[in-house]
Amino acid sequence: MSTEHIENKREENGFTWFAAQVGLYVGAFFSAIITFFSFVFKNIWKIIKKIWHYIYEKVDRFVITSVRSFNEEWTFFKKEVKEAKGKIKENIKSSPTAIFSILGYYSKVAYKRHPHMFSSIINVVLPIASFAVLVTTINHWSSSTYALAVQSGGQDIGYVTSENVYIEAQNLVKERFDSDVSNSNMDLSAKYKVVTINPNEISDSETISDNIIEKSKGDSTYACGVYIDGTFVCALKNETDAMQVFNNILDAYETEDENDVVGFVEDIQYVQGLYPDNEETIWDSEKLANVLAGKKSEAKYYTVQMGDTLSQIAYANDISTAQLMAQNPEVSETIKVGDKLLVSNEVNYVRLKVVKTEVVNESTPFETVKKNSSNLYKGTTRVTQKGVKGLDQVTNLVTYVDGVKVSSEEINRVTLRNPVDEVIAVGTKKVSYGGSYTSSTYIKGQGSLIWPAVGCYTVSSPYGWRTLYGRSNFHSGIDLTGGGARGRSVVAAKSGTVTSAGWNGSYGYCVIINHGNGMSTLYAHMLSGSICVKPGQYVSGGSAIGKVGSTGNSTGPHLHFEVRINGTRVNPAPYIGA
């Protein structure tokens, strides 16, 4: 047998021994778990049995025994009743008037012989009877309707749910009678008492107000009261007459479109009831129509003073700026001292509200899309596709009050033409420079200034010391040329204010712009007559200020460009953006 074979046998025997040991431990573990749970369940079962026996003993002692005893006594009691039944009949026949004393006697005898049975009956019947009485009581009172019985001037006025109802009725009476309340000997004081009533007996404030008037000694009559926004105006004998007055106002309005909806701004209400029978309260339809044709208030104007603004005037008169401008369409945002502005329209007694459906076309803005272009130099852009605004058809619900537009709500929008994006090509091509200078040396591409010479992307002379015509001198800026430089546009490198524009000695025709924060830029050697800005003028970054030329001390068309920080000339390259 080989050594390798022996070693394999040893490994197999060792594995077998290990597996056997693991099996023994696992078996012992599960055996212990089973033993533990068996012990626990046995003890729990013993406890349950003990509890059950305890409950059974108590039930048997107090319930089953009592039931058995009651049943035995009841059986015996029924026999006694049968035996006594004949005697009771004989005694009643012999003495009919003694029926109550005979029954009382036998009842006493029965209670003395069977006290346990009667006690058990009473212990059961009394709780049941008490519970039945409780349920009946709760049901009765929960289904009852509580209210306040109102008395005024010693007379019953009616039933209300709360004191607020009577207070509302008082206010209605005061509105109808106005100042006549004090002259009519009408007592509006009240006394309240809580009562239970049927729900249909409760009255509202209008019914209570009629009851107060009816029980008073003043003259009153049934009529239709007219209320505008809750305020009593008058009363007419006939409700139809009152409604016709308002309908005539609506019918008189000529609508431009059959879909226009015409109505009143105010809430008009017609209330039937008792009203004072006098001329101040009871009107005819003609008088009501004349009053409604009048004005609640006249138009109010404001004269513009020094320092006034539209927003200040609107705020002072409790209206919005938009409303102020709508009331004064001839006035722009610029107002002059002495202008008269309508700040409050005249207000009709009742105002007409007209809701119109208006369809308008609205332009929609286009998006601006920037795309990198390797055909353009850095710092330049070109519009490759012009943007076109879209067109939407918008349907609005517009509300007019007495002819003045007060609100508009969009209810539908249909696109008639989609907008076309404006595409702008943004140059990414690196700038080339003259001489032996490289862009990384002179143009950092990290600044905020715009390239000032459009199309001139060659730096023919950088900032710093240079040799020119055999002489060394310091160059205070950079010279930009290339691409047929003469006549190319010169643009402001950044927004600012022009401080100088014109002839400037060796600089030739030159412009200087102050950009604030100590920075200024200089543009020299421009073409004669090309400067299109003047001192004091504010220019935006990228706007044209002149054209490339060769005026002053110049050897050819180019733009000499300088950057000055707090008056000191610095290298422009780091300030120019890529």
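In what follows, the accompanying structure is described. (Residues numbered from 1 in each chain as written. Predicted model: local features only at pLDDT ≥ 70, side-chain atom pairs only at ≥ 80, totals over all residues. Heavy atoms only, no water.)

## Here's the deal with the overall build of the chain
1) Next: Counting its regular elements, the chain contains ten helices and 29 strands.
2) Next: The 578 residues of the chain split such that 30% are buried.
3) Next: Just so you have it, the chain exposes about 36,800 Å², and 54% of that area is on carbon and sulfur atoms. (Helix = DSSP H or I, 4+ residues; strand = E, 2+ residues; numbered from the N terminus. Buried < 20%, exposed > 50% of the residue type's maximum accessible area, 1.4 Å probe, protein only. Areas by Shrake-Rupley, 256 points an atom, 1.4 Å probe, with all protein chains shown as cover.)

## Some remarks on the nonpolar core
1) Next: Of all hydrophobic cores here, the largest spans 27 residues; its most connected members are Val511, Ile513, Tyr523, Ile545 and Phe561.
2) Next: When contributions to this core are tallied by element, the ones reaching two or more residues are β21 (478-481), β24 (509-516), β25 (519-526) and β28 (559-565).
3) Next: Within the second largest apolar cluster, 15 residues are counted, among which are Ile228, Phe246, Trp283 and Leu292. (Core = buried A, V, L, I, M, F, W, Y, C linked by side-chain atoms within 4.5 Å.)

## Let's talk about the sheet that holds strand β7 (residues 268-276)
1) Next: Strand order in the open sheet made by the three strands is β5-β4-β7, with antiparallel pairing throughout. The open sheet has two edge strands, β5 (231-236) and β7, and neither has a second partner. On average, each strand axis in the sheet is tilted by 35 degrees relative to the strand beside it, whichever way the strands run.
2) Next: Across five bridges, strand β4 (residues 220-228) lies against β5 in antiparallel orientation. Each bridged residue has a counterpart across the sheet, and for Cys224 the counterpart in β5 is Leu236.
3) Next: Contacts from helix α4 (residues 163-177) reach β4, β5 and β7 within the one sheet, and its direction differs from that of β7 by about 80 degrees. (Pairing = 2+ DSSP bridges. Axes fitted to C-alpha atoms, helices over the stretch in contact; angles between N-to-C directions. Contact = heavy atoms within 4.5 Å.)

## With respect to the sheet that holds strand β6 (residues 261-264)
1) Next: In space, the four strands of this open sheet follow the order β6-β12-β15-β16, with antiparallel pairing throughout. In this open sheet, the two edge strands, each paired with only one partner strand, are β6 and β16 (404-417). Each adjacent strand pair in this sheet contributes to an overall mean axis angle of 30 degrees, direction not counted.
2) Next: As defined by bridge partners, strand β12 (residues 352-364) adjoins strand β15 (residues 390-401) across twelve bridges and the pair is classed as antiparallel. Note that in β15 the partner of Glu358 across the bridge is Asn396.

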